[in-house]
Amino acid sequence: MIKSLKATGNQLANSAFQLTVLRQEVVDVLHLPPFHAKMQEVGLFPLRPVLPAVLQINVGKMCNQVCKHCHVDAGPDRKEIMTRETMQLCLNALAQTDIPMVDLTGGAPEMNPDFRWFVEEISKLGRKVLVRCNLTIIVANKKYYDLPEFFKKHGVEVVSSLPFYSADKTDRQRGDGVFDDSIRALKMLNAVGYGQPDSGLVLNLVYNPAGAFMPGPQAALERQFKQALLKDHGIVFNSLFAITNLPVSRFLDYLVESGNYAGYMEKLVTAFNPTAAAGVMCRDTISVGWDGGLYDCDFNQMLDLHVASTSQHIRDFDAVALAQRPIVVNQHCYGCTAGAGSSCGGTVA
Amino acid sequence: METYYNPADLKKFGNIGEFQKEFADKFFAYYGAVFAEGALTAREKSLIALAVAHAVQCPYCIDAYSADTLEKGCTEPEMMEAVHVAAAIRGGATLVHGVQMMNKVKELSM
């Protein structure tokens, strides 16, 4: 298992350093326009939010995996965990709004000791819960074996990463043995109804490239994955989301170490798509950090780029103030606006 | 070290229109149409392009279609088998001319 950037004392564990590295490459080395200038050209700067559809809550950076591409720098060594008090503040804020969906992410959100309580409380408020489940957590320890039943009980939408339908590519990105454990977990989810036709239990998979290249067409990849997983393992699922790797944290480190950094950044910038830019998820998503801080998205969260608003923390959640904020952008945003675009729900253009 | 090929030139391919715009525009429109989804999928075409790139030994095409096949979810074994298809055809094309050689040898020999 590799170590987190924080554990190895890597300079890229520092968000300010990452932002400097990103700007230097785009502007000084590649002589390409900074992201805000590109958005200005297409009349999207300042970028404004629309009515929020999702409250995405990062409940902690602790994870049982240490994936090579992780933008959170998550791992078993990370101790940042959202407290129940902060979760209660999230529930208070949620109750004041009509935001229909809560997207729980991490790390491995299930490792938060108050995870199940939180899901139950969100459900009591009548909101849809989406959990970004890394699959291996389900089989990591017997205390998690009943997660499929728990998810089913609350109608949770499960979204899980699977970089490929083969062990080789999956394990290279996510760690040794992850593919086999993921298959076991997917079968357990299928067994309680997830991904099955007409069950109402949604299981979506996330594809992100196992390297310094863009994802191909989402629909074609979905067909391939469905065919292969059914034929080889009898596994079914609903949809595949193709997500671009953003040059943040461990993926940025991978790009630099592998000599792919300049080429990848150039690819992202030259693939800028104004249609994708207009549909970026930060427009209808508000991101909450493990400590209750508010951000425009999970990537901004990991780069410590707080919302440009007087409403900075979940305890001071102010929907009106947040609706008027300019979304904070930086060079990593080129990842979400490249090609067909990218978001936590797949392509946007 | 000076070389004939510069990988950075691949992204300048579109600039050939600077010397002759009309034909460049026609070529790139045709190229885009050829690689779109059709009776063959875009993925199948990408693998064919990868194989042909090796047959004609264009380093630009090899780089471009190595990336393109990866993006389209092809595996390393699939990509290498495509290269072997090109190798088999090129090898076969060489060897089948050996029939002509045999014909000639028999014509000239007692």
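Residues numbered from 1 in each chain as written. Chains lettered and ligands numbered in written order. Predicted model: local features only at pLDDT ≥ 70, side-chain atom pairs only at ≥ 80, totals over all residues.

Q: Can you walk me through the overall build of chain A in this structure?
A: Each helix and strand counted, chain A has 14 helices and eight strands in total. Compactness check: chain A gives a C-alpha radius of gyration of 19 Å against a globular reference of 20 Å for 349 residues, within 12% of the reference. A principal-axis box enclosing the C-alpha atoms of chain A has dimensions of 50 × 45 × 40 Å. Per-residue burial over chain A gives 52% buried out of 349 residues. (Helix = DSSP H or I, 4+ residues; strand = E, 2+ residues; numbered from the N terminus. Rg over C-alpha atoms; globule rule 2.2 N^0.38 Å. Buried ≥ 20, exposed ≤ 12 C-beta atoms within 10 Å, placed from the backbone.)

Q: I keep staring at the overall build of chain B and nothing clicks. Help me out?
A: Helix and strand counts for chain B stand at four helices and zero strands. Reading chain B from its N end, one meets helices and strands in the order α-α-α-α. Each principal axis of the C-alpha distribution contributes one length, and for chain B these read about 60 × 40 × 35 Å. By the burial criterion, 14% of the 110 residues in chain B qualify as buried. A sequence separation of at least 24 residues applies to 53% of the contacts in chain B between residues at least 6 apart. (Contact = placed C-beta atoms within 7 Å.)

Q: Is there a simple way to explain the interface of chain A and chain B in this structure?
A: Interfaces are frequently sized by the accessible area removed from exposure as the parts join. In this complex, chain A contributes ten residues to the contact, which on the side of chain B involves nine residues. Taken together, the residues of the side of chain A that touches chain B break down into six nonpolar, four polar and no charged. (Nonpolar A, V, L, I, M, F, W, Y, C, P; charged D, E, K, R; others polar.)

Q: Would you mind going over helix α1 (residues 21-35) of chain B with me for this structure?
A: Taking 1.5 Å per residue as the helical rise, α1(B) with its 15 residues ought to reach 21 Å, and the 21 Å between its terminal C-alpha atoms agrees with that figure. Burial analysis of α1(B) places just zero of its 15 residues in the buried class, which makes it a mostly uncovered element. (Expected span 1.5 Å × (residues − 1).)

Q: What exactly am I supposed to notice about the packing of helix α7 (residues 167-174) of chain A against helix α8 (residues 178-191) of chain A here?
A: In helix packing, the relevant descriptors are the interaxial angle and the interaxial distance, both defined with respect to the helix axes. All names here are of chain A. For the pair α7 and α8, the least separation of the axes is 8 Å and the interaxial angle reads 105 degrees. Compared by their axis directions, α7 and α8 come out roughly perpendicular. Two secondary-structure elements touch here, α7 through Ala167, Thr170, Asp171 and Arg174 and α8 through Val178, Phe179, Asp180 and Ser182. Of the residues in the contact of α7 with α8, the class split is three nonpolar, two polar and three charged. (Axes fitted to C-alpha atoms, helices over the stretch in contact; angles between N-to-C directions. Parallel < 35°, antiparallel > 145°, perpendicular 65-115°, else oblique.)

Q: Is there a simple way to explain the pairing of strand β5 (residues 203-207) of chain A in this structure?
A: All names here are of chain A. Counting buried positions along β5 yields four of five residues, so the element is predominantly enclosed. Pairing of strand β4 (residues 157-161) with β5, which is carried by four bridges, proceeds in the parallel orientation. Bridge pairing in β5 places Val158 opposite Leu203. Two strands pair when backbone bridges link them, and β5 and strand β6 (residues 240-242) are joined in this way by three bridges, in the parallel orientation. Pairing of Tyr207 across the sheet is with Ala242, part of β6. (Pairing = 2+ DSSP bridges.)

Q: Could you clarify how one ought to interpret the confidence of the model for chain B in this entry?
A: Any residue range with low pLDDT should be treated as having predicted coordinates unsuitable for detailed reading. Averaged over all residues, the pLDDT of chain B is 96; the fraction at 70 or higher stands at 100%. Per the prediction output, this complex has pTM 0.92; the corresponding ipTM is 0.85. (pLDDT = per-residue confidence, 0-100.)

Q: So what exactly am I meant to see when it comes to helix α2 (residues 42-56) of chain B here?
A: Since there are 3.6 residues in each turn of an α-helix, residues three or four apart along the chain are aligned in direction. With 15 residues, α2(B) extends 21 Å between its outermost C-alpha atoms, agreeing within 8% with the 21 Å of an ideal straight helix rising 1.5 Å per residue. Buried-residue contacts for α2(B) involve α9 (218-233) of chain A together with α3 (59-71) and α4 (76-108) of chain B. Directly beyond the C-terminal end of α2(B), a positive phi value near 55 degrees is found at Gln57(B).

Q: Quick question: what am I supposed to make of the nonpolar core here?
A: General note: in soluble globular proteins, nonpolar side chains tend to be found buried as a group. Residues and elements named next belong to chain A. Judged by nonpolar contacts, the single largest core of 118 residues is most densely connected at Leu55, Val129, Val131, Val158 and Tyr207. Ranked by the residues each element gives to this core, the list is headed by α8, at six residues. Every residue in contact with Val129, bar those within four places of it in the chain, is listed here: Val102, Leu104, Val119, Ile122, Ser123, His154 and Val156. (Core = buried A, V, L, I, M, F, W, Y, C linked by C-beta atoms within 7 Å.)

Q: Quick question: what am I supposed to make of the environment of Thr347(A) here?
A: Residues and elements named next belong to chain A. Looking at the secondary structure, you find Thr347 in the segment after α14 (319-323). Between the alpha carbons of Thr347 and Leu203 there is a distance of 17 Å; along the sequence they are 144 residues apart. The residues contacting Thr347, other than those within four sequence positions of it, are Gln218, Ala242, Ala340, Gly341 and Ser342.

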